[in-house]
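Results of the structural survey
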Amino acid sequence: DTGVSQDPRHKITKRGQNVTFRCDPISEHNRLYWYRQTLGQGPEFLTYFQNEAQLEKSRLLSDRFSAERPKGSFSTLEIQRTEQGDSAMYLCASSLVGNTEAFFGQGTRLTVV
Amino acid sequence: GENVEQHPSTLSVQEGDSAVIKCTYSDSASNYFPWYKQELGKRPQLIIDIRSNVGEKKDQRIAVTLNKTAKHFSLHITETQPEDSAVYFCAARADDKIIFGKGTRLHILP
């Protein structure tokens, strides 16, 4: 599969626990984006990378959220001390530099109980 | 930062009729406007996009128009079919960041 892949597909965690999600972009794509989507809403921008550099983080992203892309390939998104309000679908997308299509992964659905 | 407004939030059209979804954006620097379709439980997928140097683009039953002066862009689906039922998102790209609207749930009525 040469598309964007995310792991895990589903995660159920207890409030207060830490979780980490992984995204593998399309191999030649240097841009990688993280979004959060809740039911009935559009994807909400969280952060994005160009190669290994994190270029912007949303003001909505609390200090409990951190993302990395250490070698400019796969990326991880960690949420510390999860809260029920963190329950959502976390989507990763990748693209080439410039005004080109962003391809989405299938997402990781997080449920905090 | 960029803000994208989309309406309507829900749209029902008779099969065979046309559907129009409208979006506005705030950042005049935005220069790329993709539209995504998301079926239930699936990832968003690009259906058409338009760049700021073009006013209209068409691909079979789907067309997009862009009015840069008014900061409006619209999606037009003609001869709607049952498989067009889905949620549609408009988006705008400025400073390499893609910002999405809240989506339009399109129902195609038999």
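Just so it is clear, the structure is predicted and the values come from calculations on it, not from any experiment. (Residues numbered from 1 in each chain as written. Chains lettered and ligands numbered in written order. Predicted model: local features only at pLDDT ≥ 70, side-chain atom pairs only at ≥ 80, totals over all residues. Heavy atoms only, no water.)

Our next topic: the interface of chain A and chain B. With 23 residues of chain A in contact, the opposing surface of chain B contributes 18 residues. Around 1800 Å² of area is buried between chain A and chain B when both sides are counted, 45% of it from carbon and sulfur atoms. Remark: the boundary between chain A and chain B carries two salt bridges. A salt bridge links Glu56 of chain A to Lys97 of chain B, with the shortest nitrogen-to-oxygen separation between them at 2.5 Å. Joining chain A to chain B, the criterion identifies 12 residue pairs in polar contact (both at pLDDT 80 or more). Looking at which element gives the most residues to the side of chain A that touches chain B, the answer is strand S4 (residues 31-37) of chain A, with four residues. Residue composition of the side of chain A that touches chain B, by class: 10 nonpolar, 10 polar and three charged. (Contact = heavy atoms within 4.5 Å. Buried area = accessible area lost by both parts, 1.4 Å probe. Salt bridge = Lys/Arg side-chain N within 4 Å of Asp/Glu carboxyl O. Polar contact = N/O pair within 3.5 Å; in protein donor to acceptor, adjacent residues only side chain to side chain. Helix = DSSP H or I, 4+ residues; strand = E, 2+ residues; numbered from the N terminus. Nonpolar A, V, L, I, M, F, W, Y, C, P; charged D, E, K, R; others polar.)

On to the state of the cysteines, then. Counted under the stated rule, the structure contains two disulfides over all chains. The disulfide partner of Cys23 of chain A is Cys92 of chain A, and the S-S distance across this bridge is 1.9 Å. Taking the torsion about the sulfur-sulfur bond, which here is approximately -65°, the covalent link between Cys23 of chain A and Cys92 of chain A counts as left-handed. Pair noted here: Cys23 of chain A is in strand S3 (residues 19-24) and Cys92 of chain A is in strand S9 (residues 88-95), with a separation of 69 residues, a long-range link. For the pair formed by Cys23 of chain A and Cys92 of chain A, the shared burial category is buried. Here Cys23 of chain B connects covalently by a disulfide to Cys90 of chain B, the sulfurs 1.9 Å from one another. Across the disulfide from Cys23 of chain B to Cys90 of chain B, rotation about the S-S bond amounts to roughly -100°, and the bridge is consequently left-handed. Of this pair, Cys23 of chain B sits in strand S3 (residues 19-25) while Cys90 of chain B sits in strand S9 (residues 86-94), and the two are 67 residues apart along the sequence. (Disulfide = S-S within 2.5 Å. Buried < 20%, exposed > 50% of the residue type's maximum accessible area, 1.4 Å probe, protein only.)

All names here are of chain A. Bridge count between strand S5 (residues 44-50) and strand S6 (residues 53-57): four bridges; the pairing is antiparallel. Bridge pairing links Gln50 to Ala53 in S6. Linking S5 to S6, which pair antiparallel, is a turn of two residues; within it Asn51 sits at a positive phi near 55°. (Pairing = 2+ DSSP bridges.)

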